[in-house]
Amino acid sequence: MSADLGWMRACAVCRELVVPLESTERGAGELRQFEQARVHLVDAHLAVLPGYADGCANCQEWKALAAHPEGLALSVVPVLGREDLLHRAGHLISSGSRSA
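Analysis parameters
Residues numbered from 1 in each chain as written. Predicted model: local features only at pLDDT ≥ 70, side-chain atom pairs only at ≥ 80, totals over all residues. Heavy atoms only, no water. Core = buried A, V, L, I, M, F, W, Y, C linked by side-chain atoms within 4.5 Å. Buried < 20%, exposed > 50% of the residue type's maximum accessible area, 1.4 Å probe, protein only. Helix = DSSP H or I, 4+ residues; strand = E, 2+ residues; numbered from the N terminus. Contact = heavy atoms within 4.5 Å. Expected span 1.5 Å × (residues − 1). Salt bridge = Lys/Arg side-chain N within 4 Å of Asp/Glu carboxyl O.

Asker: Is there a simple way to explain the nonpolar core in this structure?
Answerer: If you look at soluble globular proteins, the nonpolar side chains tend to sit buried side by side. Judged by nonpolar contacts, the single largest core of 16 residues is most densely connected at Met 8, Leu 41 and Ile 93. Residue assignment for this core shows that the elements contributing at least two residues are helix H1 (12-17), helix H2 (28-44) and helix H4 (77-94). Aside from chain neighbours lying at most four places away, what touches Leu 41 is Trp 7, Met 8, Cys 14, Leu 46, Leu 49, Ala 89, Leu 92 and Ile 93.

Asker: When you look at H4 in this model, what are you seeing that I'm missing?
Answerer: End to end, H4 covers 26 Å across 18 residues, agreeing with the expected 26 Å (1.5 Å per residue, within 8%). Listed as buried for H4 are Asp 84, Leu 86, His 87, Arg 88, Ala 89, Gly 90, His 91, Leu 92, Ile 93 and Ser 94.

Asker: Explain the pattern of salt bridges here, please?
Answerer: Side-chain pairing between opposite charges can occur once the charged atoms of the two side chains come close. Applying the stated rule across the entire model yields three salt bridges. As a salt-bridge pair, Arg 82 and Asp 43 come within 2.9 Å of each other at their nearest N and O atoms. One end of the pair, Arg 82, is in helix H4; the other, Asp 43, is in helix H2, with 39 residues separating them in the sequence. The exposed category is assigned to Asp 43, whose relative accessible area is 53%. In this structure, the salt-bridge partner of Asp 84 is Arg 88, at a minimum N-O distance of 2.8 Å. Residue Asp 84 and its partner Arg 88 are both found in helix H4; the two are separated by four residues, about one turn of the helix. On the basis of relative accessibility, which here comes to 6%, the residue Asp 84 falls in the buried class. With a relative accessible area of 13%, Arg 88 lands in the buried category.

Listed below in structure tokens is the structure:
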């Protein structure tokens, strides 16, 4: 975990879910933990989620969608918004000792 993410060490749930993910490759068991970590980061640490990463094609798609949601049904906007946040939370997990 990089020094600028030290706030994760202060959170018991982050220590349990995120820190172990930084030292292993993501296999089948780790995918569930990765998803749990992303959900926790969105639910508990929304204020520190990163913006859209310039080098991430998925972030650029989310950014474009967020800029022009007018063609979407109102019922899917909250779902897509949450998926956007979950994607960006994944960058926090990946920003430690390995790349996304």
